[in-house]
Amino acid sequence: MLDNLFSSVDLLEKGSSASWLRNEVISNNIANVDTPGYKASEVKFEDLMAAAAGTEGSGLKMAVTNAKHISAQSGDLSDVEAQVVTDRSTSERLDGNNVDVEHEMSELAKNSIEYYTLMSKVNSEFRKLDSAIKVT
Amino acid sequence: MGFLSGMDISASGLTAQRLRMDVISENIANVDTTRTVDGGPYTRKYVVLEERKDNFSDVLKSSAEAGATGGVRVSEIGKDTSAYNLVYDPDNPDANADGYVQYPNVDMTQEMTDMISAYRSYEANVTAFSAYKDMAVKTLEIGT
C-alpha cells in the first residue's frame, strides 16, 4: 500500500507538468506572432496518455478477465512523456507564419483552467492522505 | 528551463512589441520631415523579428525535436527603400529645380494599422504573462 500511496499524485504531477510545458509553448507562439517564417508548436499529452491507458476513442477500457487475455493497455502510464510537435506544413499569412492568435488565446485559457483543476486535485489528494494519517 | 523562465518568453514578446511601437511612433512623428542629418527626407523604418535561440543547445533542440525556445527578439530595424513622395511646392526651401519637394515614404494608413497590430500583440503577451504568473502562484499553494 505504502509504495503506491502517492501514485495518483504522481499521475496528477505528470499532467500538470505537461500543462506547464503547454503554457510555455503557447507563450512562445504568442511572443512570435509577428515573426516571419515562425511555425507554431503544440504539446501532445492527453492522446498519448489515453493510448497508454487503452481508453482511446470510446473512453471504455477493455477488460482482462483471463490471464491469457491481451490487455489493450499499451504501456505504463508513468512512462508517458509530453511531446512538443510543430506543424510546418501550413501558413497563416504571406510571411510564412502560422500562429493563429485566437486559437492560441483560447488554448491558453483552457490550459490555465486545466492546470488549476489538476492543482486542486493534488491538494485534495494530500488532504485525504492528511486526514487518513491523523485518524487516531 | 527554470521554474519561471516562461515569463521571459512573454517578456521578450512585450519588449519586441514595445520596440515596434517606438519605431512606428518615430515614423508617424517624422511623417513631414524633409531634412535629416544624412541629407534628404526621413526614411521609413520597420522592425524585423526572429525567434530567440540563445545557445547551441536551444538551436539543436529546436531543430531536433521542436520544443519551446526562448521567445522572440529583434533581428534588425530596416529602412524602407521605396520611393519618396514627391509634392509640387516651389516655394518650399527644400524644393528641387523642378519645384518638387521630397517627403518621407511614410504611409500614415500603414503606420496606424501596424500600431494597432503591435498593440494587440502586446495585449496578447500580457494575457499569456498573467496566465503563467497565476499558474505559478497556484503551484506554490500545493499542500497549503
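Not measured: the values here are computed from a predicted model. (Residues numbered from 1 in each chain as written. Chains lettered and ligands numbered in written order. Predicted model: local features only at pLDDT ≥ 70, side-chain atom pairs only at ≥ 80, totals over all residues. Heavy atoms only, no water.)

Draft legend 1. Inspection of the overall build of chain B at higher detail. A count of helical and extended segments in chain B gives three helices and four strands. Looking at chain B residue by residue over its 144 residues, the buried ones come to 35%. For chain B, the share of sequence-separated contacts (at least 6 apart) that also reach a separation of at least 24 residues comes to 64%. In the structure as shown, chain B presents an accessible area of about 8,200 Å², 53% of it carried by carbon and sulfur atoms. (Helix = DSSP H or I, 4+ residues; strand = E, 2+ residues; numbered from the N terminus. Buried < 20%, exposed > 50% of the residue type's maximum accessible area, 1.4 Å probe, protein only. Contact = heavy atoms within 4.5 Å. Areas by Shrake-Rupley, 256 points an atom, 1.4 Å probe, with all protein chains shown as cover.)

Draft legend 2. The arrangement of the interface of chain B and chain A in detail. Taken together, the contact between chain B and chain A spans 40 residues of the former and 30 residues of the latter. Buried surface at the junction of chain B and chain A, both sides included, amounts to about 2,500 Å², of which 62% is carbon and sulfur. Per-residue buried area on chain B facing chain A is highest for Tyr132(B), Met135(B) and Ile142(B); these three make up 23% of the total on that side. Counting every contact that joins chain B to chain A gives one salt bridge. With a closest N to O distance of 2.7 Å, Asp34(A) and Arg20(B) form a salt bridge. Inspection of the chain B/chain A interface yields nine residue pairs in polar contact (both at pLDDT 80 or more). For the side of chain B that touches chain A, the secondary-structure elements that each account for two or more residues are helix H1 (5-29), strand S1 (45-51) and helix H3 (108-140) of chain B. (Buried area = accessible area lost by both parts, 1.4 Å probe. Salt bridge = Lys/Arg side-chain N within 4 Å of Asp/Glu carboxyl O. Polar contact = N/O pair within 3.5 Å; in protein donor to acceptor, adjacent residues only side chain to side chain.)

Draft legend 3. Representation of the confidence of the model for chain A. When pLDDT is averaged along chain A, the result is 85, and 88% of the positions lie at 70 or above. Least confident of the elements in chain A is helix H2 (residues 46-53) of chain A, whose mean pLDDT is 84; most confident is strand S1 (residues 41-44) of chain A, at 92. (pLDDT = per-residue confidence, 0-100.)

Draft legend 4. Local environment of the packing of aromatic side chains. Scanning the entire structure with this criterion turns up four aromatic pairs over all chains. An angle of 55° between the planes, with centres 6.3 Å apart, marks the rings of Phe6(A) and Phe126(A) as tilted. Taken together, the positions of Phe6(A) in the segment before helix H1 (7-31) and Phe126(A) in helix H3 (residues 101-134) put the pair 120 residues apart, joining distant regions of the chain. Classification of Phe6(A) by relative accessible area gives partly exposed; the value is 39%. Taken together through their ring pairs, the aromatic side chains of Trp20(A), Tyr115(A) and Tyr132(B) make up a single cluster. (Phe/Tyr/Trp six-rings, centres within 6.5 Å; stacked < 30°, edge-to-face > 60°.)

Draft legend 5. Just the pattern of salt bridges, in detail. Residues and elements named next belong to chain B. Evaluation of the coordinates by the stated rule reveals 16 salt bridges over all chains. In this structure, arginine 73 engages glutamate 50 in a salt bridge whose closest nitrogen and oxygen atoms are separated by 2.8 Å. In this pair, arginine 73 sits in strand S2 (residues 72-79) while glutamate 50 sits in strand S1, placing the two residues 23 residues apart along the sequence. By sharing partners, the salt bridges in this structure join Arg44, Asp80, Glu111 and Asp114 into a single network.

Draft legend 6. Inspection of H3(A) at higher detail. In this model H3(A) runs 49 Å from its N-terminal to its C-terminal C-alpha over 34 residues, within 8% of the 50 Å that 1.5 Å per residue would give. Inspection of H3(A) places Glu104(A), Leu108(A), Asn111(A), Ser112(A), Tyr115(A), Leu118(A), Met119(A), Val122(A), Asn123(A), Glu125(A) and Leu129(A) among the buried residues, and these make up the whole buried set. Contacts made by the buried residues of H3(A) are with H1 of chain A together with H3 of chain B. For H3(A), the capping residue at the N-terminal end is Asp100(A), with a side-chain oxygen 3.3 Å from the backbone nitrogen of Glu102(A). (Expected span 1.5 Å × (residues − 1).)

Draft legend 7. Inspection of H3(B) at higher detail. When the terminal C-alpha atoms of H3(B) are compared, their 48 Å separation across 33 residues agrees well with the 48 Å that a helix rising 1.5 Å per residue should span. The complete set of buried residues in H3(B) reads Glu111(B), Ala118(B), Ser121(B), Ala124(B), Asn125(B), Ala128(B), Ala131(B), Tyr132(B), Met135(B), Ala136(B) and Thr139(B). Taken together, the buried residues of H3(B) touch H1 and H3 of chain A together with H1 of chain B. One side-chain oxygen at the N-terminal end of H3(B) lies 3.2 Å from the backbone nitrogen of Thr109(B); it belongs to Asp107(B).

Draft legend 8. Representation of a nonpolar patch on the surface in the model. A grouping of Phe3(B), Leu4(B) and Leu140(B) is seen on the molecular surface, where their side chains present a nonpolar patch of about 290 Å² in accessible area. Structurally, Phe3(B) can be placed in the segment before H1. (Patch = residues over 30% accessible without salt bridge, like charges linked within 9 Å, V, L, I, M, F, W, Y side chains within 5 Å.)

Draft legend 9. Seen up close, the environment of Glu104(A). The topology assignment puts Glu104(A) in helix H3. Between the alpha carbons of Glu104(A) and Lys39(A) there is a distance of 13 Å; along the sequence they are 65 residues apart.

Draft legend 10. Local environment of the environment of Met7(B). All names here are of chain B. Locating methionine 7 in the fold gives a position in helix H1. A relative accessible area of 16% places methionine 7 in the buried class. Linking methionine 7 and threonine 34, residues 27 residues apart in sequence, is a C-alpha distance of 42 Å. If we ignore the near neighbours within four places in the chain, the residues touching methionine 7 are Phe129, Tyr132 and Lys133.

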